[in-house]
Amino acid sequence: MREVRAFAIHDTEVDDIYAAYSQPGAAYFGCEVDGKVVGAGGVAPLLGGDATTCELKKMYFLKEGRGKGLGEEDGGEVFGCCKGSWF
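Keep in mind that what you see is a predicted model, and the values were worked out from it rather than measured. (Residues numbered from 1 in each chain as written. Predicted model: local features only at pLDDT ≥ 70, side-chain atom pairs only at ≥ 80, totals over all residues. Heavy atoms only, no water.)

This part is about the overall build of the protein. When you go through the protein residue by residue, the secondary structure sums to 3 helices and 3 strands. In the protein, the succession of helices and strands from N to C terminus is α-α-β-β-β-α. Classification of the 87 residues of the protein by burial places 26% in the buried group. Pairs at least 24 apart in sequence give 43% of the contacts found in the protein among residues at least 6 apart. Carbon together with sulfur atoms contributes 54% to the accessible area of the protein, which is approximately 6,400 Å² in total. (Helix = DSSP H or I, 4+ residues; strand = E, 2+ residues; numbered from the N terminus. Buried < 20%, exposed > 50% of the residue type's maximum accessible area, 1.4 Å probe, protein only. Contact = heavy atoms within 4.5 Å. Areas by Shrake-Rupley, 256 points an atom, 1.4 Å probe, with all protein chains shown as cover.)

See below:
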């Protein structure tokens, strides 16, 4: 038996992330380190929620983007945008 590493996600939103986050009330933010995108996270209205409820979605980081506080920074940017604009 050999080890196989793969990314397995069954989420159609990932197939066309641009379309998913081009909707009203949605946004996707990227994080860069030395000019390279190392992570990203999005926000969108909560399905089934009221008009003032959103959720943080699809936050992913490459290995070189982890452990640097970028998730907190990106999350703060995402929610700051929501608080001031949509929700």
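Here we take up the sheet that holds strand E2 (residues 36–45). With antiparallel pairing, 3 strands are arranged side by side in an open sheet as E1-E2-E3. Single-partner strands in this sheet number two, and they are strand E1 (27–33) and strand E3 (54–61). For this sheet, the mean angle separating the axes of adjacent strands, direction not counted, is 20 degrees. Here E2 runs beside E3; their pairing, made up of 6 bridges, is antiparallel. (Pairing = 2+ DSSP bridges. Axes fitted to C-alpha atoms, helices over the stretch in contact; angles between N-to-C directions.)

Turning to the pattern of salt bridges, a few remarks are in order. What the rule picks out here adds up to 1 salt bridge. A salt bridge links Lys36 to Glu64; its shortest N-O distance comes to 2.5 Å. Of this pair, Lys36 sits in strand E2 while Glu64 sits in the loop between E3 and helix H3 (70–84), and the two are 28 residues apart along the sequence. Lys36 gets classed as partly exposed once you look at its relative accessible area, which sits at 42%. (Salt bridge = Lys/Arg side-chain N within 4 Å of Asp/Glu carboxyl O.)

Let's shift gears to the environment of Leu62. By the element assignment, Leu62 lies in the loop between E3 and H3. With 23 residues separating them along the chain, Leu62 and Gly39 place their C-alpha atoms 6.1 Å apart. Apart from residues no more than four positions distant in its own chain, Leu62 is found in contact with Lys36, Val37 and Val38.

The next thing to look at is the side chain of Lys57. Relative to the helices and strands, Lys57 resides in strand E3. Assessed through its relative accessible area of 14%, Lys57 is described here as buried. Not counting residues within four places of it along the chain, the set of residues in contact with Lys57 comprises Glu13, Tyr21, Tyr28, Gly41, Gly42 and Ala44.

The next point concerns the pairing of E1. In terms of strand pairing, E1 meets E2 through 7 bridges, oriented antiparallel. Bridge pairing in E2 links Tyr28 to Gly42.

Once that is clear, we can look at the side chain of Lys58. Checked against the element boundaries, Lys58 lands in strand E3. What makes Lys58 buried here is its relative accessible area of 15%. Setting aside anything within four residues of it in sequence, one finds Lys58 in contact with Asp11, Glu13, Val14, Ile17, Tyr21, Tyr28, Ala40, Gly41 and Gly42.

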